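Single-letter residue listing:
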Amino acid sequence: MAKQMAVESGVDKLHATVETGSGKILCFTSCAKHGDTWTLHATDGIDVWRLELDKSELESYRDLSNINSMTAFLNKIKSAFESCDLSVSWQGHTATMTAGKGASAMNFDLYEASASKRKTDLQSVLMRLADQATILQTELKKTQDDLESANKQRSAGSSTTTQFYDPLATHKTGQKVVKKKGRSLLNPESKRVKVAKGVNFDED
């Protein structure tokens, strides 16, 4: 159940870096490949501190945090990772990871990992971060290619001109307009219509 709750809440593969007085620390989470546990980790790249929790232990931490639901509890942890609202301190071989600040902050005691656990944890997070970096690089390349293609299409479209008939084009280019006999000056293609004079009854 702990693993399922972590996956459903999106806290199964979190990571964030934290600045401490002794250097930068990578905090991350994981779920057991075999078993039903969720784990908090902290590493300086050499040593690893970890806290592996099953469902009952998660419930105990939730109670200590005075949070009513497990969903709200896990969401608060997720928010702390995503906003890098984390801190790590040490006392002997124990590291305390704090999520959040003030009275509502949640503290987790992490313990130094054994040599085998340390090796497995570091290998796991290294491969995971490498996979994520590869995916982001592929998505970025695709976005750049799409943008370049769109710019080329836009440039090709703007260079295509359509010719329209302009009856005043000769005036714009400064060419002299030659008036044809019986033709209109403004519209050379139409003949001038003579005005009817009617019948003159004053003639002898």
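Remember, it's a predicted structure, so these values are computed and weren't measured experimentally.

> Could you give me a rundown of the side chain of Arg-62, with the residues and numbers involved?
Considering the arrangement of structural elements, one finds Arg-62 in helix 2 (residues 55-64). A polar atom in the side chain of Arg-62 sits 2.7 Å from the backbone oxygen of Ile-67. Arg-62 has contacts with Ile-67, Asn-68, Ser-69, Met-70 and Phe-73, leaving out every residue within four places of it along the chain.

> Could you give an account of the pairing of strand 1 (residues 15-20), naming the residues involved and the relevant values?
For a regular strand, the rule is simple: side chains alternate between the two faces of the sheet. What you see with strand 1 is a clean split: Ala-16, Val-18 and Thr-20 sit on the buried side and His-15, Thr-17 and Glu-19 on the side with no burial. Hairpin connection of strand 1 to strand 2 (residues 23-31): 2 residues between the antiparallel strands.

> Summarise unusual backbone geometry; cite the residues concerned and give the values.
Not every positive phi belongs to a glycine, and Asn-66 is a case in point at roughly 55°. Along the polypeptide, Asn-66 turns up in the loop between helix 2 and helix 3 (70-82). Since its relative accessible area comes to 70%, Asn-66 is described here as exposed. You will see that Cys-84, though not glycine, has its phi angle at about 55°, which is positive. Mapped onto the secondary structure, Cys-84 falls in the loop between helix 3 and strand 5 (86-91). Using a relative accessible area of 45% as the deciding quantity, one classes Cys-84 as partly exposed.

> Can you explain the packing of aromatic side chains? Please cite residues and give values.
Scanning all chains against the criterion turns up 3 aromatic pairs. An angle of 55° between the planes, with centres 6.3 Å apart, marks the rings of Phe-73 and Phe-108 as tilted. Of this pair, Phe-73 sits in helix 3 while Phe-108 sits in strand 7 (residues 106-112), placing them 35 residues apart in sequence. Accessibility expressed as a relative area gives 0% for Phe-73, which makes it buried. Following the ring pairs from residue to residue traces out a cluster consisting of Tyr-61, Phe-73 and Phe-108.

> Which residues make up helix 3, and what are the values?
With 13 residues, helix 3 extends 18 Å between its outermost C-alpha atoms, agreeing within 8% with the 18 Å of an ideal straight helix rising 1.5 Å per residue. Of the positions making up helix 3, those classed as buried are Met-70, Phe-73, Leu-74, Ile-77, Ala-80 and Phe-81. Buried residues of helix 3, viewed axially, fall in a sector of 115°; they line one side. Count one or two residues on from helix 3 and you reach Cys-84, which has phi positive near 55°.

> Describe the sheet that holds strand 2, and please don't skip the residues or the numbers.
Strands sit in the order 1-2-3-4-7-6-5 across an open sheet of 7 strands; the sheet is antiparallel. At either margin of the open sheet sits one strand with a lone partner, and together these are strand 1 and strand 5. This sheet shows a mean twist of 30° between the axes of neighbouring strands, independent of strand direction. With 2 bridges connecting them, strand 4 (residues 48-53) and strand 7 associate as antiparallel partners. The residue bridging Trp-49 from the neighbouring strand is Glu-112, located in strand 7. Contacts from helix 1 (residues 2-9) reach strand 2, strand 3 (38-43) and strand 4 within the one sheet, and its direction differs from that of strand 2 by about 115°. In this fold helix 2 packs onto strand 3, strand 4 and strand 7, with an angle of close to 100° to the strand it touches most, strand 4.

Conventions used here
- Residues numbered from 1 in each chain as written.
- Predicted model: local features only at pLDDT ≥ 70, side-chain atom pairs only at ≥ 80, totals over all residues.
- Heavy atoms only, no water.
- Helix = DSSP H or I, 4+ residues; strand = E, 2+ residues; numbered from the N terminus.
- Polar contact = N/O pair within 3.5 Å; in protein donor to acceptor, adjacent residues only side chain to side chain.
- Contact = heavy atoms within 4.5 Å.
- Buried < 20%, exposed > 50% of the residue type's maximum accessible area, 1.4 Å probe, protein only.
- Pairing = 2+ DSSP bridges.
- Phe/Tyr/Trp six-rings, centres within 6.5 Å; stacked < 30°, edge-to-face > 60°.
- Expected span 1.5 Å × (residues − 1).
- Arc of directions from axis to C-beta.
- Axes fitted to C-alpha atoms, helices over the stretch in contact; angles between N-to-C directions.

Geometry only, nothing functional implied.
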